[in-house]
Amino acid sequence: MARTNLSATRVKPADPGLIVLEVVRRERVSPHFMRVTLGRRDVRWFAAMGFDQWFRLFIPVAGGGVERVPRKLDAVSYVRYLTIAKAERPVMRNYSVRAYRAAGADGPEIDVDFVLHGSAADGTAGPATGWAESCAPGDVVALLDEGIGFNPPDGLTRVRLVADETGLPALAGILASLPRDARGDAFVEVPDAADRRELDAPEGVAVSWVCRTGDAAPGVAVRAAAEAALLPEEPFFGWVVGESALVAGVRRHWVRAGVPKRHIMFCGYWKAGRGAVT
């Protein structure tokens, strides 16, 4: 994960213990997104916090399971995790809760949206993308809840949200969790117009979709849109996630415009040139 101030704004879960879940179903929701719904097993222990709640997802590899995944993640347990033979060590990736339903068809359910990079069919997909494209009901995964990063100071009700497609699930969660009288705006970039979808945003929060064109680098278009938009005269809480250069540029723009650093949450999810490791 690239540069972030997540530790300064983060609200930790009350019980971050390991939760083992099963795949309930998967659905291709748009050209670049696969939705995997998780539930059953330990799902009753998952405490939904809304907003940009994220977690560490452990995906078994062929020949392995999740039995040796650490019950918590600290320096010692992470080293032990790395000692698991690579052929058996579950893949660990960070994801956001796209939606939570307390009363699904078979108990509580957690939706996780995977951005599809490459294709499992031609061997260009990373392990998480390949898993999302091929997982089946009953497949087992594990997760460690990490809480939320969206945590505005008291009294700061206006928001400005910026993300590329990797931050869309978190942005959608924030919009759905905001008070219905919240005001502000959101800018989100997607690879294709067909990746746009209805978001549960308060009436006072305007959502602007930016579609990437041609060979433009991810994040460039939404950064330009966000920086071109006039900043509100009243204080706001800024939240920007996604490709590292996008995050750094928008944050720098806000700070130069006089936005207090404590009023900004930023997190670089990935870095262009190294790929979104999925």
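What counts and how
Residues numbered from 1 in each chain as written. Predicted model: local features only at pLDDT ≥ 70, side-chain atom pairs only at ≥ 80, totals over all residues. Heavy atoms only, no water. Helix = DSSP H or I, 4+ residues; strand = E, 2+ residues; numbered from the N terminus. Rg over C-alpha atoms; globule rule 2.2 N^0.38 Å. Buried < 20%, exposed > 50% of the residue type's maximum accessible area, 1.4 Å probe, protein only. Contact = heavy atoms within 4.5 Å. Areas by Shrake-Rupley, 256 points an atom, 1.4 Å probe, with all protein chains shown as cover. Lys, Arg positive; Asp, Glu negative; His and termini not counted. Charge placed at Lys NZ, Arg CZ, Asp CG, Glu CD. Core = buried A, V, L, I, M, F, W, Y, C linked by side-chain atoms within 4.5 Å. Polar contact = N/O pair within 3.5 Å; in protein donor to acceptor, adjacent residues only side chain to side chain. Axes fitted to C-alpha atoms, helices over the stretch in contact; angles between N-to-C directions. Parallel < 35°, antiparallel > 145°, perpendicular 65-115°, else oblique. Nonpolar A, V, L, I, M, F, W, Y, C, P; charged D, E, K, R; others polar.

Looking at the overall build of the protein
So, step 1. A count of helices and strands for the protein gives six helices and 12 strands.
So, step 2. Over its C-alpha atoms the protein spans a radius of gyration of 18 Å, differing by no more than 12% from the 19 Å that the globule rule assigns to 278 residues.
So, step 3. Each of the three principal axes of the protein carries a C-alpha extent, and together these read 55 × 40 × 40 Å.
So, step 4. In the protein, buried positions account for 47% of the 278 residues.
So, step 5. Counting contacts in the protein only where the partners sit at least 6 residues apart, residues at least 24 apart contribute 69% of the total.
So, step 6. Element-wise, carbon and sulfur atoms account for 51% of the exposed surface of the protein, whose accessible area totals about 13,000 Å².
So, step 7. Once the 35 positive and 33 negative side-chain charges of the protein are each reduced to a mean point, those two points are 6 Å apart.

Re the nonpolar core
So, step 1. Residues Phe150, Leu161, Leu171, Leu175, Leu178 and Trp239 are the most contacted members of the largest nonpolar core, which totals 27 residues.
So, step 2. Breaking this core down by element, the ones donating at least two residues are strand E8 (158–163), helix H4 (168–177), strand E9 (183–190), strand E11 (237–243) and strand E12 (264–270).
So, step 3. Setting aside anything within four residues of it in sequence, one finds Phe150 in contact with Phe51, Asp52, Val159, Leu161, Ile174, Leu178, Phe237 and Trp239.
So, step 4. Among the nonpolar cores identified, the runner-up in size contains 24 residues, and Ile19, Phe55, Val91 and Trp131 belong to it.

Things to note about helix H3 (residues 127–134)
So, step 1. Counted residue by residue, H3 has six buried out of eight residues, so it is predominantly covered.
So, step 2. Elements in contact with the buried residues of H3: strand E1 (18–30), strand E2 (33–39), strand E3 (54–59), strand E4 (91–96), strand E6 (107–115) and strand E7 (140–147).

Focus on the side chain of Asn5
So, step 1. Along the polypeptide, Asn5 turns up in the segment before helix H1 (6–9).
So, step 2. Exposure remark for Asn5: the relative accessible area of 15% places this residue in the buried category.
So, step 3. Looking at Asn5, its side chain comes within polar contact range of the main-chain nitrogen of Phe266, at 2.9 Å.
So, step 4. Dropping the residues within four chain positions of it, Asn5 is found in contact with Ile264, Met265 and Phe266.

Some thoughts on the packing of helix H5 (residues 220–228) against helix H6 (residues 244–256)
So, step 1. Direction vectors running N to C along H5 and H6 enclose 10 degrees, while the axes themselves pass 10 Å from each other. Relative to H6, the element H5 is oriented roughly parallel. In contact with Val222, Arg223 and Glu227 of H5, H6 contributes Ala245, Leu246, Gly249, Val250, Arg252 and His253.
So, step 2. Among the residues forming the contact of H5 with H6, the class breakdown is four nonpolar, two polar and three charged.

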